[in-house]
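# Observations on chain architecture
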Amino acid sequence: MNNQKQQKPTLTGQRFKTRKRDEKERFDPTQFQESIVHGLNQTGSDLEAVAKFLDASGAKLDYRRYAETLFDILVAGGMLAPGGSISDDLTRTEFCLFTAQEDLETMQAYAQVFNKLIRRYKYLEKGFEEEIKKLLLFLKGFTESERNKLAMLTGILLANGNISAAVIGSLFNENVVKEGVSAAFAVKLFKSWIYERDINAVAVALRKVSMDNRLMELFPANKRSCEYFSKYFTDAGLKELSDFARNQEAIGSRKELQKELQEMMARGDNFKDIIAYVREEMKKTSIAEQLMIGIVWSSVMSCVEWNKKEELVCEQSIKHLKQYSPLLNAFTSQGASEIILLVKIQEYCYDNIHFMKAFQKIVVLLYKADVLSEEAILKWYAEAHVAKGKSVFLEQMKKFVEWLKNAEEESESESEDEEEN
């Protein structure tokens, strides 16, 4: 037997070169740009023909690789250099968004071209949104007319859901904000957006991407006030946007107030100081008592960690609310405020299932603490309650309401007897 280790065979011969198609293609948009420009020059201003050309070209040209070049050409007629100028050394077309007629109808037609293109080639969605963000950063490099057309188009695209409201973040760039470019652009954008949809749809879209509280950033720091914002957009014919911004500021103020209240309660500040602080804030921000009692209630119920067991949370809530009843009493001086508080209690007990059985006990406690009057309770029971848990809570309150009515009748009867005597 041969114990010697056998040598493994080795490969010999010519080493093959990597084939060209396996090598990473160098980024060169020149040929792509020439193809797109040539096609656009042939179709001219017929946007239906443009849409068909783009649809067919996607099968032959690399849209995925040259998406930015494609969108630059469709918007500006050629590839854009940083800052917004068009590269002069490459072929350009005169048939693009920037050379189109400046009116809403034409911009709607252009929006359809982009819409059809992106629906056909879904992978272009992200690149298109990035393109719009980039274009908004280049606004200073465009003419006023070009900016107006881009603004109208962007508003229509937002209304159609082709792009996310997150693109508006580019308008907050300091380079675009100064000299009023962002604000002027926003006027045209929001006008076309609201025209296509309505202010409620705009509000929903802005909230979805946390842009609803950032609109003040359209102005330089020294002009970021609700008054300036309101006047600017109201004068521009956008009172709906002005009212929306005011409402957002009020919501922001209320959130800050509630946060401060919870911190004061957590520190154990005395009620006298808390009441004085809240009343001062009511004067400063013009918050009515009916609105304030809701904020106070939420703060009171948020400053404690509730037991997860239903049988224990009822006892815990009674003890907690007995302690804080003087604070609730300070902001229920009006019957309307008492009704609001009752509705807030009803909603809270419904939304937090462990409190479902505690509703009647909470109301009775606050009645005994002079926070709620019998008139308010009877009105809530008869007509002012809301739908949340209605049947459960009305059933809980039935005996107490009957007792209140009987007590009221007895009181009236005694008054009549006294008058007779």
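Provided above is the structure to which this section pertains.
As a starting point, this report considers the structure included with it. (Residues numbered from 1 in each chain as written. Predicted model: local features only at pLDDT ≥ 70, side-chain atom pairs only at ≥ 80, totals over all residues. Heavy atoms only, no water.)

## Describing helix H6 (residues 144-160)
With 17 residues, H6 extends 24 Å from end C-alpha to end C-alpha; this agrees with the ideal 24 Å at 1.5 Å per step. Among the 17 residues of H6, 14 are classified as buried, and the element is accordingly described as predominantly covered. Downstream of H6 by one or two residues, Gly161 has phi in the positive range, about 80°. (Helix = DSSP H or I, 4+ residues; strand = E, 2+ residues; numbered from the N terminus. Expected span 1.5 Å × (residues − 1). Buried < 20%, exposed > 50% of the residue type's maximum accessible area, 1.4 Å probe, protein only.)

## Thoughts on the packing of aromatic side chains
This model, assessed by the stated rule, comprises 25 aromatic pairs. Centroid distance Phe219 to Phe233: 6.0 Å. Interplanar angle 75°. Geometry classified as edge-to-face. Placement of Phe219 in the loop between helix H9 (199-208) and helix H10 (226-235) and of Phe233 in helix H10 is noted, with a sequence separation of 14 residues between them. For the pair Phe219 and Phe233, a shared accessibility class is recorded, and that class is buried. The interplanar angle of 70° and the centroid separation of 5.2 Å between the aromatic rings of Tyr232 and Phe233 together place this pair among those described as edge-to-face. Its end group placed over the ring of Phe331, Arg279 keeps NZ or CZ at 5.6 Å from the ring centre. (Phe/Tyr/Trp six-rings, centres within 6.5 Å; stacked < 30°, edge-to-face > 60°. Lys NZ or Arg CZ within 6 Å of the ring centre and 35° of its normal.)

## Brief notes about the nonpolar core
With 79 residues, the main nonpolar core has Ile168, Phe190, Trp193 and Leu206 as its most contacted residues. Leaving out residues up to four positions away in the same chain, Trp193 has contacts with Gly155, Leu158, Ala159, Ala165, Ile168, Asp198, Val202, Ala205 and Leu206. Among the nonpolar cores identified, the runner-up in size contains 54 residues, and Leu321, Val343, Ile362 and Ala384 belong to it. (Core = buried A, V, L, I, M, F, W, Y, C linked by side-chain atoms within 4.5 Å. Contact = heavy atoms within 4.5 Å.)

## A closer look at the side chain of Arg147
One can find Arg147 in helix H6. Buried charge Arg147 goes without a salt bridge, the closest partner of opposite sign being Glu144 at 5.6 Å. The residues contacting Arg147, other than those within four sequence positions of it, are Leu139, Lys140, Phe142, Val181 and Phe185. (Lys, Arg positive; Asp, Glu negative; His and termini not counted. Salt bridge = Lys/Arg side-chain N within 4 Å of Asp/Glu carboxyl O.)

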